[in-house]
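Structure at a glance
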Amino acid sequence: MTDSLWQPTASLEALRRRAELLTDIRRFFAERKVLEVEVPLLSRRATSDPHIESITALCNGDPAYLATSPEFGLKRLLAAGLGDCYSLGKAFREGEAGGRHNPEFTMLEWYRRGWDDRRLMVEVGELLSRVLGIGQVQSMSYRELFLRELQLDPHSAPEEALRHCTAREVELSFAPQSRDECLDLLMSHRLEAAMGDGITLLYDFPASQAALAKVVKDDSGTPVARRFEAYVGGMELANGYWELTDAGEQLQRFETDQRYRGMHKLHVYPFEERLVDALRVGLPECAGVALGIDRLLMLAGGYSTIDQVIAFPIERA
């Protein structure tokens, strides 16, 4: 250990920029009469998402889990009758490390009653344009991006064609095991960089990637997940859904996640059955989105790594 490890990795200017950004975000929602709320950071339940790992803590001698997002708490409040609301605070994910990741990070998540994903996309574009000073906003479907860059329909292409395309476009030392793995590799290693410098809102993902979004048929009759992602300069900033409101379907998806975790020797956490109970009472039609504040600050200030915008990343916490 050296004497310098007590110091923050972010400059004082970056910390001031963070404070200004948080103030601007709260002003944005106050103008739109969206209520800021707090939900627990520590819970007896955890995410079932196979791609996200929770950080485990002890609470009164029993396991508890740091929140990977405020989603479950916000949806329970919506089911209880609360209107448009948002949370702006910390979230935690095990195994997150690198130039754009830290296990503890700041997340903005908000929900709009009576909205769908298309309408929420517009508001996400407005917030990003305001904060970043970028006027160029483009919207395109997941299919349009793949067709434009790879001449491949991600919804209907045979798996063998996807594997061949992935092998051609991405340098790998392993063979992808599924359609979704191929699609994810093509997105992260090839397509994100092709989006350009402005704001890109990508929508209508494959139904297999629905997570907690509704699945509906698009104009061609193809089932698609009504979710979207927001990118700036190829960096993913936000992930939004036209939210699933069917309790039975929600329970089935949780159970599918749990089986996947068990089959792949991932830790199986207790899932949030209280969200299922809330949906049974009635979650109103709504759309929600989560946005990474640290990455947003990196873009707003021209910083190259997340350590430059966090006072004390995990190595110094």
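Residues numbered from 1 in each chain as written. Predicted model: local features only at pLDDT ≥ 70, side-chain atom pairs only at ≥ 80, totals over all residues. Heavy atoms only, no water.

The protein chain has the name EF-P lysine aminoacylase EpmA in an unreviewed UniProt entry, where Microbulbifer taiwanensis is given as its organism.

One finds Leu-108, Trp-110, Val-124, Leu-128, Leu-291, Ile-293 and Leu-296 to be the most contacted residues of the largest nonpolar core, which totals 40 residues. Excluding residues that lie within four positions of it along the chain, Leu-291 makes contacts with Thr-106, Met-107, Leu-108, Trp-110, Leu-127, Leu-128, Leu-237, Ala-238 and Leu-296. Residues Tyr-142, Leu-162, Val-170 and Met-187 belong to the second largest nonpolar core, which totals 21 residues. (Core = buried A, V, L, I, M, F, W, Y, C linked by side-chain atoms within 4.5 Å. Buried < 20%, exposed > 50% of the residue type's maximum accessible area, 1.4 Å probe, protein only. Contact = heavy atoms within 4.5 Å.)

For Ala-19, the position within the fold is in helix H1 (residues 12-31). With relative accessibility at 42%, the residue Ala-19 sits in the partly exposed group. Residues Ala-19 and Cys-165, 146 residues apart in the sequence, show an inter-C-alpha distance of 44 Å. (Helix = DSSP H or I, 4+ residues; strand = E, 2+ residues; numbered from the N terminus.)

A few words now on unusual backbone geometry. Even without being glycine, Asn-60 reaches a positive phi, approximately 55°. Structurally, the position occupied by Asn-60 is in the loop between strand E3 (55-59) and strand E4 (62-66). Taking relative accessible area as the criterion, Asn-60 reaches 73% and is therefore assigned exposed. Of note in this structure, Asp-204 is not a glycine but carries a positive phi near 60°. Relative to the helices and strands, Asp-204 is located in strand E8 (residues 199-206).

The next point concerns the environment of Asp-24. Of note, Asp-24 is situated in helix H1. Those residues within four positions of Asp-24 in sequence are excluded, and the remaining contacts are Arg-130 and Val-131. A distance of 3.1 Å separates polar atoms of two side chains, one belonging to Asp-24 and the other to Arg-130. (Polar contact = N/O pair within 3.5 Å; in protein donor to acceptor, adjacent residues only side chain to side chain.)

This part covers the pairing of strand E5 (residues 85-92). With 6 of its 8 residues buried, E5 lies for the most part within the structure. As paired elements, strand E1 (residues 35-36) and E5 share 2 bridges and run parallel to each other. Paired with Leu-35 across the two strands is Cys-85, which belongs to E5. Bridge count for E5 against strand E6 (residues 104-113) is 8 bridges, and the pairing is antiparallel. Note that in E6 the partner of Cys-85 across the bridge is Tyr-111. (Pairing = 2+ DSSP bridges.)

Per the UniProt entry, the sites bearing "domain: Aminoacyl-transfer RNA synthetases class-II family profile" (unreviewed entry) are residues 18-313 in this numbering. End-to-end, the C-alpha atoms of residues 18-313 are 15 Å apart, and along that stretch the chain is 36% helix and 25% strand. (UniProt positions renumbered as here; feature names shortened; annotations may be inferred.)

Take helix H7 (residues 247-263) next. Helix length check: H7 (17 residues) gives 24 Å between terminal C-alpha atoms against 24 Å at 1.5 Å per residue, within 8%. The complete set of buried residues in H7 reads Ala-247, Gln-250, Arg-253, Phe-254, Asp-257, Gln-258 and Arg-261. In an axial view of H7, the angular spread of the buried residues amounts to 140°, which keeps them on one side of the axis. Within H7, the exposed residues directed more than 90 degrees away from the buried face are Arg-259 and Met-263. Against helix H2 (71-79), strand E9 (215-217) and helix H8 (273-282) lie the buried residues of H7. Near the N-terminus of H7, the side chain that reaches the backbone nitrogen of Gly-248, with its oxygen 3.0 Å away, is that of Asp-246. A positive backbone phi angle near 55° is found at Lys-265, which sits one or two residues after H7. (Expected span 1.5 Å × (residues − 1). Arc of directions from axis to C-beta.)

Tallied over the full model, the rule gives 33 salt bridges. With its nearest N and O atoms 3.6 Å apart, the salt bridge here joins Asp-116 to Arg-226. Taken together, the positions of Asp-116 in the loop between E6 and helix H3 (117-132) and Arg-226 in strand E10 (residues 223-232) put the pair 110 residues apart, joining distant regions of the chain. Residue Asp-116 is classed as partly exposed on the basis of its relative accessible area of 24%. (Salt bridge = Lys/Arg side-chain N within 4 Å of Asp/Glu carboxyl O.)

The next point concerns the environment of Thr-166. Residue position: Thr-166 is located in helix H5 (residues 159-169). Residues Thr-166 and Leu-212 lie 46 residues apart in sequence; the distance between their C-alpha atoms is 27 Å. Ignoring sequence-local partners within four residues, the contact set of Thr-166 consists of Leu-172, Pro-176, Cys-182, Leu-185 and Leu-186.

A few words now on the packing of aromatic side chains. Under the counting rule described, the total for this entry stands at 8 aromatic pairs. Judged by centre distance (4.6 Å) and plane angle (25°), the rings of Phe-29 and Tyr-86 are stacked. Separated by 57 residues along the polypeptide, Phe-29 in helix H1 and Tyr-86 in strand E5 bring together distant segments of the chain. Note on accessibility: Phe-29 and Tyr-86 belong to one class, buried. By the ring-pair criterion, three or more aromatic residues cluster together here, those being Phe-28, Phe-29, Tyr-86 and Trp-110. A cation over a ring is seen here: Lys-214 above Trp-242, with NZ or CZ 5.3 Å from the ring centre. The lysine or arginine in question, Arg-227, covers the ring of Phe-205, its NZ or CZ lying 4.5 Å from the ring centre. (Phe/Tyr/Trp six-rings, centres within 6.5 Å; stacked < 30°, edge-to-face > 60°. Lys NZ or Arg CZ within 6 Å of the ring centre and 35° of its normal.)

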